[in-house]
Amino acid sequence: MNFYLSAVDEQLRHPDDKPTIGIILCKGRNEVIVEYALRDSSKPMGVAQYQLSAALPPQLEDALPTAAEFAREFPLMSVVKLRIEIERAVRDLADKRGVAFDRPTGIMKMLRDLHRNGSVPSSTEQMLDALHTMNEATHGMDVDPETAERAVEIGTIFLGELQKLNTDE
């Protein structure tokens, strides 16, 4: 903390500002550790215990969307999240199999290159069909909820197969 206070005072503080104050928030408080940690420090620091609350303060509840409003606004977030996980797993498999890409490459190209290498999951063909739906969702296009659900089912199976291939190395 002393380091950060010194850095802020040196780099950010204006001549007419008062010295920076450090506040350390702790989930628990051990008096002995606090005493030794702050004994030789000449900078103003405070230590306080905090407790996380599951409930939002009322002033924030009104300012934030409800879970239902959020789900209506972003119904396809699970599709987008799954697509990202799949792309990472495909990239990991490509790296492990020595299929190198010199720049960011889409899932389809990576899968084609892995296919040539003989390293694709058995559900790849189904995944390529589902990928069309995932790409539409990723780019903010309207996607039928049933189609999105089917894409998630196929993508989840495909991701499991990818993860198995990645751990079999």
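How each quantity is defined
- Residues numbered from 1 in each chain as written.
- Predicted model: local features only at pLDDT ≥ 70, side-chain atom pairs only at ≥ 80, totals over all residues.
- Heavy atoms only, no water.
- Helix = DSSP H or I, 4+ residues; strand = E, 2+ residues; numbered from the N terminus.
- Expected span 1.5 Å × (residues − 1).
- Buried < 20%, exposed > 50% of the residue type's maximum accessible area, 1.4 Å probe, protein only.
- Contact = heavy atoms within 4.5 Å.
- Patch = residues over 30% accessible without salt bridge, like charges linked within 9 Å, V, L, I, M, F, W, Y side chains within 5 Å.
- Areas by Shrake-Rupley, 256 points an atom, 1.4 Å probe, with all protein chains shown as cover.
- Salt bridge = Lys/Arg side-chain N within 4 Å of Asp/Glu carboxyl O.
- Axes fitted to C-alpha atoms, helices over the stretch in contact; angles between N-to-C directions.
- Parallel < 35°, antiparallel > 145°, perpendicular 65-115°, else oblique.
- Left-handed = near helix turned anticlockwise from the far one by under 90°.
- Polar contact = N/O pair within 3.5 Å; in protein donor to acceptor, adjacent residues only side chain to side chain.
- Nonpolar A, V, L, I, M, F, W, Y, C, P; charged D, E, K, R; others polar.

Peer 1: Lay out helix α8 (residues 145-167) in plain terms, naming residues and giving numbers.
Peer 2: With 23 residues, α8 extends 32 Å from end C-alpha to end C-alpha; this agrees with the ideal 33 Å at 1.5 Å per step. Those residues of α8 lying buried are Ala148, Ala151, Ile154, Gly155, Phe158, Leu159, Leu162, Leu165 and Asn166. Those residues of α8 hidden inside the fold are in contact with α5 (77-96), α6 (107-117) and α7 (124-138).

Peer 1: I'd like a rundown of a nonpolar patch on the surface, residues and numbers included.
Peer 2: A surface patch of nonpolar side chains, about 370 Å² in accessible area, is lined by Met1, Phe3 and Tyr4. Positionally, methionine 1 belongs in the segment before α1 (2-11). Using a relative accessible area of 35% as the deciding quantity, one classes methionine 1 as partly exposed.

Peer 1: Describe in detail the pattern of salt bridges, supporting the description with residues and values.
Peer 2: A full pass over the atoms with the stated rule returns seven salt bridges. Put simply, arginine 13 and aspartate 9 hold a salt bridge, and the shortest N to O gap is 3.6 Å. Residue arginine 13 is classed as partly exposed on the basis of its relative accessible area, which comes to 32%. Of the residues examined, aspartate 9 reaches a relative accessible area of 16% and is grouped as buried. Among the ionic pairs, arginine 91 bridges to glutamate 87, the shortest N-O distance being 3.1 Å. Here the residue arginine 91 and the residue glutamate 87 both occupy positions in helix α5, the gap between them amounting to four residues, near one helical turn. One network of salt bridges, with partners in common, ties together Arg83, Glu87 and Arg91.

Peer 1: Tell me about the packing of α5 against α7, and name the residues and values.
Peer 2: Across the interface, α5 lies against α7 with an axial gap of 9 Å and an inter-helix angle of 125 degrees. Taken as axis vectors, α5 and α7 run oblique relative to one another. As α5 packs across α7, the resulting crossing turns out to be left-handed. Facing α5, whose interface residues are Val79, Val80, Leu82, Arg83 and Ile86, α7 presents Met127, Leu131, Met134, Asn135, Ala137 and Thr138.

Peer 1: Go over the environment of glutamate 136, please, and point to the residues and values.
Peer 2: Note on placement: glutamate 136 falls in helix α7. Linking glutamate 136 and isoleucine 24, residues 112 residues apart in sequence, is a C-alpha distance of 46 Å. Those residues in contact with glutamate 136 that lie beyond four places of it in its chain are Met141 and Val143.

Peer 1: Go over the side chain of threonine 20 with me, naming the residues and quoting the values.
Peer 2: Summarising the element assignment, threonine 20 is placed in the loop between α1 and β1 (22-26). The exposure class of threonine 20 is buried, given its relative accessible area of 19%. Within the structure, the side chain of threonine 20 is placed 2.4 Å from the side chain of aspartate 9, a separation counted as a polar contact. Excluding residues within four positions of it along the chain, threonine 20 makes contact with Leu5, Val8, Asp9, Arg13 and Pro44.

Peer 1: Outline the packing of α7 against α8, listing residues and values.
Peer 2: Put simply, α7 and α8 touch, their axes get as near as 9 Å, and they point 135 degrees apart. By the criterion of interaxial angle, the relationship of α7 to α8 is oblique. Relative to α8, α7 is oriented so that their crossing is left-handed. Between α7, through Thr124, Gln126, Met127, Ala130, Thr133 and Met134, and α8, the contact on the second element is made entirely by Thr147, Ala148, Arg150, Ala151, Ile154, Gly155 and Phe158. Across the contact of α7 with α8, the residue classes tally to seven nonpolar, five polar and one charged.

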